[in-house]
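Given next are the chains, with one letter for each unit.
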Amino acid sequence: MNANKRRAIFETLHSLNPHPTTELEYTTPFELLIAVMLSAQATDVSVNKAMRKMFPVANTPQQIVKLGEAGVAEYIRTIGLYRTKAKNVVAACQILLDQYGGEVPADREALEGLPGVGRKTANVVLNTAFGHPTIAIDTHIFRVANRTGLAPGKDVRAVEAALEKFTPAEFRHDAHHWLILHGRYVCKARRPECWHCVIEPLCEFRQKTPPPEL
Ligand code: SF4
């Protein structure tokens, strides 16, 4: 895909949604960190539902450590892998208290040093809580980047590198949100909805889906 098409894709996505953000509900960097940790292999909707109950009770590292693993598990029972996630969340909070004064560090290495926090989670927190132009690659972005020809790559690191290289600077901060939303609601995994896709004329996917028959 050439640079003009890439720019046109981002211009189109920008014009329709100038201020995209995560669908996870949060009010502080700490709440965002916890929500993103819990969202691995779970839907944002399920995380929001659980956090609407837990955050009013515990939304600081101190409160979550006090709640303990069993207490956190009670709130997140409906979320996949909840036992492991409860363990990681409490351990991460203890590290935030011991090493970072109870604050979420705006630093990749520090974030990735927390239990249950990988590159993707760190990228989301750096981007959305701290405004860094990172691009977190999830399953939706990986698919959209490859299918459209926007930033092909055989694994997530290759796609991340390609998007960082090819995304025009002014779109880099929001690229992650636009591509996730596009993959989640239009360029779906099993059946991309090409017939109402706003970037269809720019997309290089060869087997575009025809409109459903009426
Ligand atoms: S045209 Fe189809 S394959 Fe291309 S981005 Fe749109 S939905 Fe995805």
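Residues numbered from 1 in each chain as written. Predicted model: local features only at pLDDT ≥ 70, side-chain atom pairs only at ≥ 80, totals over all residues. Heavy atoms only, no water.

1. Some points on the site of the ligand
Part 1: In the vicinity of the ligand, the contacting residues are Arg 147, Thr 148, His 182, Cys 187, Pro 192, Glu 193, Cys 194, Cys 197, Ile 199, Glu 200, Cys 203 and Phe 205.
Part 2: Residue composition of the shell around the ligand, by class: 7 nonpolar, 2 polar and 3 charged. (Near = heavy atom within 4 Å. Nonpolar A, V, L, I, M, F, W, Y, C, P; charged D, E, K, R; others polar.)

2. With respect to the packing of aromatic side chains
Part 1: By the definition in use, this model includes 3 aromatic pairs.
Part 2: Here Phe 10 and Trp 178 contribute two aromatic rings whose centre-to-centre distance is 6.4 Å and whose plane-to-plane angle is 45°, an arrangement assigned as tilted. One end of the pair, Phe 10, is in helix α1 (residues 3-16); the other, Trp 178, is in helix α10 (residues 172-185), with 168 residues separating them in the sequence.
Part 3: Overall, Phe 10 belongs to the buried group, its relative accessible area being 0%.
Part 4: Geometrically, the ring pair formed by Phe 171 and Trp 178 is edge-to-face, given 6.0 Å between the ring centres and 65° between the ring planes.
Part 5: A network of ring pairs unites the aromatic residues Phe 10, Phe 171 and Trp 178 as a single cluster.
Part 6: Sitting over the face of the ring of Phe 205, Arg 147 holds its NZ or CZ atom 5.5 Å from the ring centroid. (Phe/Tyr/Trp six-rings, centres within 6.5 Å; stacked < 30°, edge-to-face > 60°. Helix = DSSP H or I, 4+ residues; strand = E, 2+ residues; numbered from the N terminus. Buried < 20%, exposed > 50% of the residue type's maximum accessible area, 1.4 Å probe, protein only. Lys NZ or Arg CZ within 6 Å of the ring centre and 35° of its normal.)

3. Considerations on the UniProt feature "binding site: [4Fe-4S] cluster" (unreviewed entry) in the chain
Part 1: Here, the residues flagged by UniProt with the feature "binding site: [4Fe-4S] cluster" (unreviewed entry) are Cys 187, Cys 194, Cys 197 and Cys 203. A maximum C-alpha distance of 10.7 Å is found for the annotated residues, which run over 17 residues; spatially they form one tight group.
Part 2: Tracing the backbone shows Cys 187 in the segment after α10.
Part 3: In this structure Cys 187 comes out as buried when scored by relative accessible area, which is 9%.
Part 4: Not counting residues up to four positions away in its chain, the partners in contact with Cys 187 are Arg 143, Val 144, Arg 147, His 182 and Pro 192.
Part 5: Not counting residues within four places of it along the chain, the set of residues in contact with Cys 194 comprises Glu 200, Lys 208 and Thr 209. (UniProt positions renumbered as here; feature names shortened; annotations may be inferred. Contact = heavy atoms within 4.5 Å.)

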